[in-house]
Amino acid sequence: MKRYLILVLLTFHGLWAQVQFEAKVSKTTLGLNERLRIDFMMNVDGDNFIQPSFDGFRIVAGPSQSVSQSWINGRSSFEKVYSYFLLPNQKGALMIRQAAIEYNGQIYKTSPIKINVTAAIEQPKDPNDSQISADDNIFLVADVSKVNPYINEPITVVYKLYFSYNIGITNWNELNKPKYNDFWSQNIDIKQLVAEEGMFKGEKYRYVVLRKTVLYPQKSGKLVIEPLSLDINVQLPTNRRDMFGRVIVTEGNKRVSAGAKTISVKALPEAGKPEDFSGAVGNFDFKVTPSKTNLKNGESMDLVVSVSGKGNMKLFDLPKPVVPNALEMYDPVHDEKVNTSLSGMSGRISDSYTIIPQYKGNYSIKPMHFSYFDLSSGTYKTISSKEITINVLDGPTAADATVATTAEGGKNRISSTEQFKFIKLDTELHSMEPNDFFGSNLYYGLVCFPFLILPLVVILKKKKEAIDSDVYGNRIKMNNRLAKKYLSQAKMQINNKELFYVALEKAMHNFLKAKLHIETSEMSKDNIQDLLLSRNANAEIVKDFITLTENCELARYAPSSSTAIQQDFDKAVMIISDLEKQMV
Amino acid sequence: MKNILYIFLLSTQIFFAQNGFEKGNAFYQKGNYEQAVAAYESVLKTNSHSAELYFNLGNSYYKLNKVAPAIYNYEKALVLNPEDSETLNNLKFAQKRTIDEIKEVPKVGFAKLIQNYTDIFHYNTWAWISVGLSTVFLAFFLGYYFSQLAFSKRMFFIGMFVALLLFVICVLAAISGKSNYVNEKPAIVFAEMATLKSEPQNSSSEVFVLHEGTKVFVLETLSHWKKIQLTDGTEGWIEKDAIKEVK
């Protein structure tokens, strides 16, 4: 057990003896205006130290080498250190790469270190710092014209560098350009830096304007303008003087930053916001001007839609004209004449549309509306253009256009006769109530009528055929009819004795034929009597009948009065009707 | 007595209406288009109309440069008299003043073929033809039933079935024509600008913007939205108030 322990201890001893080479930094997070110390330490006397490339840093001091060796309790320890002082050049995550040494033919490397560089931080005053005089004498100030503007209201940021009379500036460079997220920004170029005099914190200072920027906030809410950081080479006077009595100046280096500014942007009021508001803020004039309104076919005209004035000229869209489809409108030519000064953009923007009429006639271009938010009154304003009427004097008319397109082979058939037709002078007004024939009762009646008639016709024809085929019944019917016919004939011949009796006799014969179903040949008096009696006829009436037929024959040749004729007729009628009733 | 009174009232109404039509014509001729419109509209208020009245009203609106009402009235005239060449001519003039240019994509297929065929006549005309054919059928039947000669009997028999077939075709054409008439609901966009949405919601995405005077076909209605189809086949939902149905 003990032996194992010793073994373990021995191996650890062996580890102790290993070469150590590592990099240590004073801090891993620092501001842009702070310094960083990095030490590369090793416990052996290594050679051929290769320093890493300090990308993103500037070496302020170094490398400085130190070697120390010590014996403590009989054990020697060795340490060799290369030190650097670094100043970051940029913000963000920076990487210090590997350094390398060589020892006993072997190369050892450190592990890379990640450094996080934040925005410049304000450094606490150190009374012993040599830069104390520079701190008190040099200031960077950002002047914001308005801290609570509306969206798209111009604000200006002016960066001024104040410096007192007793220091001099030899050079400066921007470390961190200000970023204007959520702003539309435009720098106003400053051609030459001019030192001016001004009061600052109650003292007289000189100042230069470094940068002027016009900003148009694009978003409501709290927006932050990132600060401007400058590295300035300054000349600081010392208390010493040279042999000529002049003050000896020392060159120094100073970082200043303007500090972040927060701007709270107001949204435009929702109340009274026009529907076609496209974001224009300022004070504008709106014009729509056609180059001409009377055109011939094939001529073109320009329609210029322009907005002039002061405001966020580049940040809104011009309204588009809507034209009838008989006018062909091409994409606009956009023109901007905008000056940007400290007070914001001003000038004129315009869209010029080329319009070519296709057909003859009068066409109107609808009035156009342009809305903007007026900052001085805090309200929305709308400017409307007038309606423009374009008179196309000749050219194909609208009506034959479609004919032309449907005509064969793209041949544009132009006929001058087609024109807008005049009103109709005659009319026949009728009620608006729907009056459909199809689906009405009349329709159904008329359609179904022939089909209903069909079976009727069939039935009638069937019946007629049945009647026609019944010979026996027909004969009876015919005799009956003849009897009636002769009887009526007899009645008509009542004044003509001879004809009357002939008719009367025929009537009676036919009556018998119909009733007794006999032929003329079988007609003898006895036969008639038997047959009539056998058919349940009253014997007296049968006798009357016989005597009447005999009378007919006699009376034709014997003289008789008209009253007798009348009597005979009445008698015949009575006998026939009686026989009819009695016979089965 | 009461009936006579009604007839009297109706006739005076028509008389006044006729008067309004002529008054409108007089105003139109003088170039007083606004008063012409008022006169024609007064006729419409008496619940009587005619293709010519709508045509004249459309002309008046055209002269007043009101595109949507002009096209609307021309379309109404065409509903009453679909083949009128003057109306079709002036409608083309009015359509040239609209802003949207929508292609007319011709419909193809069997359904269109049938529709073309049924559109030869108005469905009421088809109905009259079918009545005539049913009478012809009856006549042929009678001829067949009563003729004695075998040849003429055969001819009548064939004729009878031909008439029956034609009759059925006519009735079907009338039915299909009427259903086309009922289902086809043209409308005119009256709003100066109206957005066509992909869904019947305000928040839904925009298909595109229509301007006044454009002809659309209504397919469905849902609360205050209407599903419409353009002549090029594009479909979308539009707010009810933006359009006015012709029928």
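Computed from a predicted model, the values in this text were never measured in an experiment.

**Quick word on the overall build of chain A**
Then, number 1: Helix and strand content of chain A: nine helices and 31 strands.
Then, number 2: Relative to its 584 residues, chain A shows a buried fraction of 24%.
Then, number 3: Counted over contacts in chain A with a minimum sequence separation of 6, partners at least 24 positions apart contribute 72%.

**Details of the overall build of chain B**
Then, number 1: When you go through chain B residue by residue, the secondary structure sums to eight helices and eight strands.
Then, number 2: Burial statistics for chain B: of 247 residues in total, 36% are counted as buried.
Then, number 3: In chain B, the proportion of contacts linking residues at least 24 apart, taken out of those at least 6 apart, comes to 58%.

**Points about the sheet that holds strand 22 (residues 294-295) of chain A**
All names here are of chain A.
Then, number 1: Pairing is mixed in the open sheet, where three strands are placed in the order 22-30-27. For this open sheet the edge positions go to strand 22 and strand 27 (361-365), each flanked by a neighbour on one side alone.
Then, number 2: Here strand 22 pairs with strand 30 (residues 388-392) via two bridges, running parallel. Across the sheet, the residue bridging to Asn294 is Asn391, located in strand 30.

**Digging into unusual backbone geometry**
Then, number 1: For A:Asn152, which is not glycine, the phi dihedral falls at a positive 70°.
Then, number 2: By secondary structure assignment, the location of A:Asn152 is in the loop between strand 11 (138-144) and strand 12 (155-163).
Then, number 3: By C-beta crowding, A:Asn152 is classed as buried, having 23 other C-beta atoms within 10 Å.
Then, number 4: The backbone of B:Asn65 sits at a positive phi, close to 70°, despite the residue not being glycine.
Then, number 5: Relative to the helices and strands, B:Asn65 resides in the loop between helix 3 (51-63) and helix 4 (67-80).

**Quick look at the packing of helix 7 (residues 123-146) of chain B against helix 8 (residues 150-183) of chain B**
All names here are of chain B.
Then, number 1: As a packed pair, helix 7 and helix 8 sit with axes 8 Å apart at the nearest point and diverge in direction by 165°. Considered as vectors, helix 7 and helix 8 are oriented roughly antiparallel to each other. Where helix 7 crosses over helix 8, the two elements pack in a sense that is left-handed.
Then, number 2: Tallied by class, the residues present in the contact of helix 7 with helix 8 amount to 22 nonpolar, five polar and two charged.

**Let's talk about the packing of helix 6 (residues 497-516) of chain A against helix 8 (residues 539-557) of chain A**
Residue and element names in this part refer to chain A.
Then, number 1: Running from N to C, helix 6 and helix 8 point in directions that differ by 160°, and their axes come no closer than 9 Å. With respect to each other, helix 6 and helix 8 are oriented roughly antiparallel. Here the hand of the crossing between helix 6 and helix 8 comes out left-handed. In contact with Glu498, Tyr501, Leu504, Glu505 and Met508 of helix 6, helix 8 contributes Thr549, Cys552, Ala555 and Arg556.
Then, number 2: Each residue belonging to the contact of helix 6 with helix 8 can be placed in one class, and the counts come to five nonpolar, one polar and three charged.

**Considering the interface of chain A and chain B**
Then, number 1: Chain A puts 37 residues into the contact, and the matching count from chain B is 44 residues.
Then, number 2: No other element matches helix 4 (residues 441-469) of chain A, which puts nine residues into the side of chain A that touches chain B.
Then, number 3: Here the residues of the side of chain A that touches chain B are counted per class, giving 23 nonpolar, seven polar and seven charged.
Then, number 4: Alignment of strand 31 (residues 430-431) of chain A against strand 1 (residues 48-49) of chain B, held across two bridges, turns out to be antiparallel. The partner of A:His430 across the bridge, within strand 1 of chain B, is B:His49.

**Section: the confidence of the model for chain A**
Residues and elements named next belong to chain A.
Then, number 1: Here chain A averages 80 in pLDDT, and 90% of its residues register 70 or above.
Then, number 2: Mean pLDDT across the elements of chain A ranges from a minimum in helix 3 (residues 399-406), with 45, to a maximum in strand 3 (residues 36-42), with 90.
Then, number 3: Confidence over residues 128-132 falls short of pLDDT 50; this stretch has three contacts with residues more than four positions distant or in other chains.
Then, number 4: Per-residue pLDDT stays below 50 along residues 400-410; that stretch engages in eleven contacts with residues further than four places along the chain or on separate chains.

**Some details on the pairing of strand 23 (residues 301-311) of chain A**
Then, number 1: Two elements, strand 21 (residues 282-290) of chain A and strand 23 of chain A, share nine bridges in a ladder whose sense is antiparallel. Within strand 23 of chain A, the residue paired with A:Gly282 across the bridge is A:Gly311.

**Considerations on the nonpolar core**
Then, number 1: By size, the foremost hydrophobic cluster in this structure holds 41 residues, and its most contacted members are B:Ile71, B:Tyr74, B:Ala94, B:Ile188 and B:Val189.
Then, number 2: The element best represented in this core is helix 4 of chain B, accounting for eight residues.
Then, number 3: Both domain 1 (2-95) and domain 3 (185-245) of chain B contribute no fewer than three residues apiece to this core.
Then, number 4: If sequence neighbours within four positions are ignored, B:Tyr74 has contacts with B:Phe55, B:Gly58, B:Thr87, B:Asn90, B:Leu91 and B:Ala94.
Then, number 5: Residues A:Leu295, A:Met313, A:Met368 and A:Phe370 belong to the second largest nonpolar core, which totals 28 residues.

**Some points on the pairing of strand 19 (residues 247-257) of chain A**
All names here are of chain A.
Then, number 1: Sheet topology note: the strand 18 (residues 229-241)/strand 19 ladder contains ten bridges and is antiparallel. Among the inter-strand pairings, Arg241 is bridged to a residue of strand 19, identified as Val247.
Then, number 2: Linkage of strand 18 to strand 19, two consecutive antiparallel strands, is achieved through a turn of five residues, within which Gly245 is found at a positive phi near 90°.

**Concerning the environment of B:Gly213**
Residue and element names in this part refer to chain B.
Then, number 1: Summarising the element assignment, Gly213 is placed in the loop between strand 4 (206-211) and strand 5 (215-222).
Then, number 2: Linking Gly213 and Gln95, residues 118 residues apart in sequence, is a C-alpha distance of 7.3 Å.
Then, number 3: Apart from residues no more than four positions distant in its own chain, Gly213 is found in contact with Val67, Ala68, Ile71, Arg97, Thr98, Ile188 and Val189.

**Focus on the sheet that holds strand 9 (residues 106-109) of chain A**
Residue and element names in this part refer to chain A.
Then, number 1: If you trace the three strands from one edge of the open sheet to the other, you get 4-8-9, paired in antiparallel fashion. Of all strands in the sheet, those bounded by a partner on one side alone are strand 4 (47-50) and strand 9. Here the strands of the sheet are splayed against their neighbours by 20° on average, with no regard to which way each runs.
Then, number 2: Note: strand 4 against strand 8 (residues 100-103), two bridges, orientation antiparallel. What sits directly across from Asp47, in strand 8, is Glu102.

**What about the environment of A:Gly259?**
Residue and element names in this part refer to chain A.
Then, number 1: Its location among the elements puts Gly259 in the loop between strand 19 and strand 20 (261-265).
Then, number 2: Given 15 C-beta atoms within 10 Å, Gly259 falls into the partly exposed group.
Then, number 3: For the pair Gly259 and Pro227, spaced 32 residues apart in sequence, the C-alpha separation works out to 5.0 Å.

**What to know about the confidence of the model for chain B**
The predicted coordinates should not be examined in detail at positions where pLDDT is low.
Residues and elements named next belong to chain B.
Then, number 1: Of all residues in chain B, 93% have pLDDT values of 70 or greater, and the mean over the chain is 83.
Then, number 2: Of all the helices and strands in chain B, helix 1 (residues 2-30) carries the lowest mean pLDDT, 68, while helix 4 carries the highest, 89.
Then, number 3: Interface confidence for the predicted complex, given as ipTM, is 0.71, next to a pTM of 0.54.

Conventions and cut-offs
- Residues numbered from 1 in each chain as written.
- Chains lettered and ligands numbered in written order.
- Predicted model: local features only at pLDDT ≥ 70, side-chain atom pairs only at ≥ 80, totals over all residues.
- Helix = DSSP H or I, 4+ residues; strand = E, 2+ residues; numbered from the N terminus.
- Buried ≥ 20, exposed ≤ 12 C-beta atoms within 10 Å, placed from the backbone.
- Contact = placed C-beta atoms within 7 Å.
- Pairing = 2+ DSSP bridges.
- Axes fitted to C-alpha atoms, helices over the stretch in contact; angles between N-to-C directions.
- Parallel < 35°, antiparallel > 145°, perpendicular 65-115°, else oblique.
- Left-handed = near helix turned anticlockwise from the far one by under 90°.
- Nonpolar A, V, L, I, M, F, W, Y, C, P; charged D, E, K, R; others polar.
- pLDDT = per-residue confidence, 0-100.
- Core = buried A, V, L, I, M, F, W, Y, C linked by C-beta atoms within 7 Å.
- Domains from an automatic or database assignment.

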